[in-house]
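These are the residues of each chain, in order.
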Amino acid sequence: MPEISDDTTSDQDIEAGRVLFAQECSYVTSAVDSASLPKPNLPEIAFAGRSNVGKSSLLNALANRKSLARTSAMPGRTRQVNFFDLGGRLGLVDLPGYGYAQAPKQVVQDWTELVKFYLRGRVSLRRAVVLIDARVGPKANDRDALDLLDQAAVPTQLVMTKVDKVKPKDLAALIEKLTPEVAKRAAVLDHMVPVSALKGAGISDLRGRLGTLAGPK
Ligand code: GDP
């Protein structure tokens, strides 16, 4: 049986993460093309996932906010890269959700190019967080995203969302399914974090892990 946690977050990291994520988190800007990307002046963490995976809900849960990132009434609406500043120490970057079938082809191409440009060339990017819906499991476009991050050598953390909706045995099966995906990509970290934005499970653990990447006070 695969383990959810073979790598525990220290109490110290959890406390530091709590303090960090209690800081003001403010919207900086949105980029629609490579020219409108802001200057990289903070260590950044980028969040990626299929449309409707629960990315906005997770960002709001991490930052203790109701409407930092807009939860999508219509899946796939966000087609820009949104930048947030957490306490002047960490940049949180909300990448457009992928895999929305009804988006026009040109639109999909444009933001795929933008995301690729961002992920490959961003000197300040410390980590990508790729969200996988625990009820849905990994799809072809998740594998494409992981390949892209792996090729760009961006340290990548897998986070399983909406775990309140799955039974422990289904979560264990998901981890088993994801394990070879992790093993074959050097840039993907071994540890996968299960979260529920709705119930709060895993949020302080994730804050603790991500908080270690923040810049100095
Ligand atoms: P996004 O498109 O990735 O930004 O996804 P959203 O955050 O807008 O969430 C998509 C849907 O999943 C919404 O209906 C949310 O209420 C729901 N959702 C998000 N997180 C959770 C969670 O932790 N548990 C459950 N049960 N539902 C969630």
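Residues numbered from 1 in each chain as written. Predicted model: local features only at pLDDT ≥ 70, side-chain atom pairs only at ≥ 80, totals over all residues. Heavy atoms only, no water.

Peer 1: Can you help me understand the environment of V195 in this one?
Peer 2: Mapping V195 onto the fold places it in the loop between β7 (188-194) and α6 (203-211). C-alpha of V195 to C-alpha of M160: the two residues are 35 residues apart in sequence and 6.0 Å apart in space. Apart from residues lying up to four places away in sequence, V195 is in contact with L58, V159, M160, T161, K162, V163, A201, G202, I203 and L206. (Helix = DSSP H or I, 4+ residues; strand = E, 2+ residues; numbered from the N terminus. Contact = heavy atoms within 4.5 Å.)

Peer 1: Would you mind going over α6 with me for this structure?
Peer 2: Given 3.6 residues per helical turn, the α-helix brings residues three or four places apart onto the same face. Burial runs high along α6: eight of the nine residues are buried. Taken together, the buried positions of α6 are I203, D205, L206, R207, G208, R209, L210 and G211. (Buried < 20%, exposed > 50% of the residue type's maximum accessible area, 1.4 Å probe, protein only.)

Peer 1: Which parts of the structure should I look at to understand the pairing of strand β4 (residues 90-94)?
Peer 2: Along any regular strand the residues' side chains alternate between the sheet's two faces. For β4, a buried count of five out of five residues is recorded, marking the element as mostly surrounded by other parts of the structure. Taken together, the five bridges between strand β3 (residues 81-86) and β4 define a ladder with antiparallel strand orientation. Bridging across to β4, L86 finds its partner in L90. Remark: three residues form the turn of the hairpin made by β3 and β4, two consecutive strands paired antiparallel; G87 in that turn has positive phi of roughly 55°. (Pairing = 2+ DSSP bridges.)

Peer 1: Just checking my understanding: could you explain the sheet that holds strand β2 (residues 44-49) for this structure?
Peer 2: Two pairing modes exist for strands in a sheet, parallel and antiparallel, and in both the strands are linked by backbone hydrogen bonds. Taken in spatial order, the seven strands make up an open sheet running β1-β3-β4-β2-β5-β6-β7, and their pairing is mixed. Two strands lie at the open edges of the sheet, namely β1 (25-31) and β7, each paired on one side alone. In this sheet, neighbouring strand axes are inclined to one another by 25° on average, regardless of whether the strands run parallel or antiparallel. Summarising the sheet, strand β5 (residues 125-133) and strand β6 (residues 156-161) pair through six bridges and their orientation is parallel. Note on β6: the bridge partner recorded for A128 is T156. (Axes fitted to C-alpha atoms, helices over the stretch in contact; angles between N-to-C directions.)

Peer 1: It is not clear to me how the packing of helix α1 (residues 11-21) against α6 should be interpreted in this structure. Could you clarify?
Peer 2: How two helices pack is summed up by the angle between their axes together with the distance between the axes. In contact at an axis separation of 7 Å, α1 and α6 are set at 90° when each is read in the N-to-C sense. Regarding the angle of α1 to α6, the classification is roughly perpendicular. Contact residues: D13, I14, G17, L20 and F21 in α1; S204, R207, G208, L210 and G211 in α6. Its residues assigned to classes, the contact of α1 with α6 comprises four nonpolar, four polar and two charged. (Parallel < 35°, antiparallel > 145°, perpendicular 65-115°, else oblique. Nonpolar A, V, L, I, M, F, W, Y, C, P; charged D, E, K, R; others polar.)

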